[in-house]
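Working through the structure, step by step
Residue-level listing of the chains:
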Amino acid sequence: MTEILDLSHIRLGDRPLIVCDVDDVVLHFVAPFQDFLRGEGYQLLPRSFRLTGNIVSIATEAALEQTDVRRLIEAFFEAQENWQVPFDLVIQTLEGLSSEADIVFLTAMPSRYREQRRRLLDRVGLAFPLIASDEEPKGLIMRRLHADRPLPSVFIDDMAHQLQSVRDHLPQSLLLHMMPDSPLHVLAPKPAEDIVRATDWPHAAALIRAHIQPKAA
Ligand SMILES: [Mg+2]
């Protein structure tokens, strides 16, 4: 049964919209997850861009089955407040942009960990609204949020398929690719060539402002 995601807690003003992924864009995921795994006796080998098959026992080098991988990811999200930290300058940058645009976090993390994530984001000063997309493609959610408003919109993610999803459903959005320099992300599918990679948050802010600020006549 697919339920339509409830977006009623999102109230948008009459101004541009910035929709931003969380894991590996706002909060570190891969690096602290690797630390977490080592504490459990496992390590992540960056052999391909997937977790299943690449998480192995340090003792035996045996790869974990998918159910065990899922259990570890869930345990990590459960304990995320002890592990995940913001990227450099993300807090100041989003705070600055929030005077010019609405900011919404859109995470593919399972929604049952929403409370932990909300507390973590609030604690570091990122009190922007949060949507946990679960399985719903982000492009569809962004389309429902922004619809036909005649205002600029921006979408930021580390995953090529999510960027493509927004391109498919809301093609007028500015798409920004942001990802950590992790050994795993180097192996990730690449977004379309014309999607710009923002190398850090100040770079992202410059690209966003160039897109959302009214052009001089
Ligand atoms: Mg992400």
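Along each chain, the written sequence defines residue order, and numbers are assigned to residues from 1. In view of the model being predicted, local features appear only for residues whose pLDDT reaches at least 70, and side-chain atom pairs are presented and counted only at 80 or more, with totals across whole chains, interfaces and linings using the full set of residues. Based on all heavy atoms of the structure, the side-chain values leave hydrogens and waters out of the count.

Naming follows an unreviewed UniProt entry, where the protein appears as HAD family hydrolase of Xaviernesmea oryzae.

Description of the coordination of the magnesium ion
Distances from the magnesium ion to its protein donors, namely D21 (OD), D23 (O) and D158 (OD), fall within the range 2.0 to 2.2 Å. For Na, K and Ca the donor cut-off is 3.2 Å, while for other metals it is 2.8 Å, and in both cases only N, O and S atoms qualify; water is not among them, so sites may look incomplete. Each donor residue of the magnesium ion lies on the same chain, and together they follow the pattern D-x1-D-x134-D. A simple rule labels every residue: compare its accessible area, found with a 1.4 Å probe on the protein chains alone, to the largest value its type can have, and call it buried under 20%, exposed over 50%, or partly exposed in between. D21 gets classed as buried once you look at its relative accessible area, which sits at 4%. Taking relative accessible area as the criterion, D23 reaches 12% and is therefore assigned buried.

A closer look at the pairing of strand 4 (residues 102–107)
Taking burial as the measure, the six residues of strand 4 include six buried ones, the bulk of the element. Here strand 4 shows two buried faces, one formed by D102, V104 and L106 and the other by I103, F105 and T107. Pairing between strands requires that DSSP locate at least two bridges from one strand to the other. Every helix listed is a DSSP run of H or I at least four residues long, and every strand listed is a run of E at least two residues long, numbered separately from the N terminus. With three bridges joining them, strand 4 and strand 5 (residues 130–132) adopt parallel strand pairing. Paired with T107 across the strands is A132, a residue of strand 5.

Section: the environment of V30
As for its placement among the helices and strands, V30 is situated in helix 1 (residues 30–39). Spatially, the C-alpha atoms of V30 and P150 are 37 Å apart, while their sequence positions differ by 120 residues. Ignoring sequence-local partners within four residues, the contact set of V30 consists of D24, S182, L184 and H185. In this analysis, two residues are considered to be in contact whenever any of their non-hydrogen atoms come within 4.5 Å of each other.

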